Amino acid sequence: MFGFGPATRIYVAVGATDMRKNYEGLYGLVRDRLQCAPLSGHVFLFCNAQRNRLKLLVWDGSGLWICAKKLSKGRFRWPEPRAGEIKVVLSPEELAMLLGGIDLSQARPRPWYRSQIDSDEVDANRMNTA
C-alpha cells in the first residue's frame, strides 16, 4: 500500500461510480463532480453501487495511478456524507480501516486525534513557501 503524508488529502466520492471508467473518466469525475484538482497529489476513492469494488486515483508527480480492489465476498461500508456533501475526507488511518473492512461509523477517534487542515490553507501554505 502507498504511504501518504499528513498533507495528502483522501477524498471519497459520494454515491456510486461506473467502474468501467479509466484514467480520463475518473480524472473528469474528480474535476467536475468532486470539484478538485486531479493532479494535486491527493487521493480520490470511488466505489460501485454494490459496494464490492473500488478504485483509487492518485497523481504521483509523473503520472496517474489507478488501483482497484474487488471483494470476493462482502461489501465495503462507505462513509455517509453530511447533507449536501459531494465528497467525504478521510485520514490515512481511516482509509486503511475502510480497506480492511472496518465500519467507520462504528469507529470513534480518541480526543487526541489530529484536526484536518482546510485544503485551501494547505494550498496557500505551499504557494507561500515556493
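Up top is the structure these notes are about.
None of the values given here were measured: they were computed from a predicted structure. (Residues numbered from 1 in each chain as written. Predicted model: local features only at pLDDT ≥ 70, side-chain atom pairs only at ≥ 80, totals over all residues. Heavy atoms only, no water.)

Colleague: Help me get a handle on the overall build of the protein chain, residues and values and all.
Modeller: Each helix and strand in the protein chain was counted, giving three helices and five strands. For the protein chain, the N- to C-terminal ordering of α and β elements is β-α-β-β-β-β-α-α. Scored against the burial criterion, the 130 residues of the protein chain give a buried share of 32%. By sequence separation, contacts in the protein chain at least 24 residues apart represent 56% of the contacts at least 6 residues apart. Accessible area for the protein chain stands at about 8500 Å²; split by element, carbon and sulfur atoms hold 51% of it. (Helix = DSSP H or I, 4+ residues; strand = E, 2+ residues; numbered from the N terminus. Buried < 20%, exposed > 50% of the residue type's maximum accessible area, 1.4 Å probe, protein only. Contact = heavy atoms within 4.5 Å. Areas by Shrake-Rupley, 256 points an atom, 1.4 Å probe, with all protein chains shown as cover.)

Colleague: Tell me what's going on with the pattern of salt bridges, and back it up with residues and numbers.
Modeller: Scanning all chains against the criterion turns up four salt bridges. The partner of aspartate 18 in a salt bridge is arginine 20, with the nearest N and O atoms 3.0 Å apart. Residue glutamate 80 is joined to arginine 77 by a salt bridge in which the shortest nitrogen-to-oxygen separation is 4.0 Å. (Salt bridge = Lys/Arg side-chain N within 4 Å of Asp/Glu carboxyl O.)

Colleague: If you had to explain the pairing of strand β5 (residues 87–90) to someone new, which residues and values would you point to?
Modeller: Burial along β5 is one-sided: the face carrying Val88 and Leu90 is buried and the face carrying Lys87 and Val89 is not. Examined bridge by bridge, strand β1 (residues 10–13) and β5 share four bridges and lie antiparallel to one another. Among the inter-strand pairings, alanine 13 is bridged to a residue of β5, identified as lysine 87. (Pairing = 2+ DSSP bridges.)

Colleague: Residues and numbers for the side chain of threonine 17, please.
Modeller: In this fold, threonine 17 is placed in the loop between β1 and α1 (23–33). One polar contact links threonine 17 to arginine 33, side chain to side chain, over a distance of 3.3 Å. Excluding residues within four positions of it along the chain, threonine 17 makes contact with Leu26, Leu29, Arg33, Phe46, Cys47 and Asn48. (Polar contact = N/O pair within 3.5 Å; in protein donor to acceptor, adjacent residues only side chain to side chain.)

Colleague: Run through the nonpolar core, naming residues and quoting values.
Modeller: Of all hydrophobic cores here, the largest spans 18 residues; its most connected members are Leu45, Phe76, Trp78, Leu90 and Leu95. Going through the elements one at a time, β1, β2 (43–47), β3 (53–59), β5 and α2 (92–99) are the ones with two or more residues in this core. Here leucine 90 is in contact with Ile10, Val12, Pro79, Leu95, Leu98 and Leu104, once residues within four sequence places are set aside. Of all hydrophobic cores here, the second largest spans eleven residues; its members include Ala13, Leu29, Val30 and Phe44. (Core = buried A, V, L, I, M, F, W, Y, C linked by side-chain atoms within 4.5 Å.)

Colleague: Lay out α2 with the relevant residues and their values.
Modeller: Among the residues making up α2, those that are buried are Leu95, Leu98 and Leu99. Buried positions in α2, seen along its axis, are confined to an arc of 95 degrees and lie on one side of it. Tucked inside the fold, the buried residues of α2 contact β1, β2, β3, β4 (64–70) and β5. Phi turns positive, to about 90 degrees, at glycine 101, one or two residues after α2. (Arc of directions from axis to C-beta.)

Colleague: Describe in detail the sheet that holds β2, supporting the description with residues and values.
Modeller: The strand order across the open sheet formed by five strands is β4-β3-β2-β1-β5, and the pairing between neighbours is mixed. Only two strands of the sheet have a single neighbouring strand rather than two, namely β4 and β5. Direction aside, neighbouring strands of the sheet carry axes that sit 25 degrees apart on average. Against the sheet, α2 makes contact with β1, β2, β3, β4 and β5, and its axis sits at roughly 105 degrees relative to β5, the strand it touches most. (Axes fitted to C-alpha atoms, helices over the stretch in contact; angles between N-to-C directions.)

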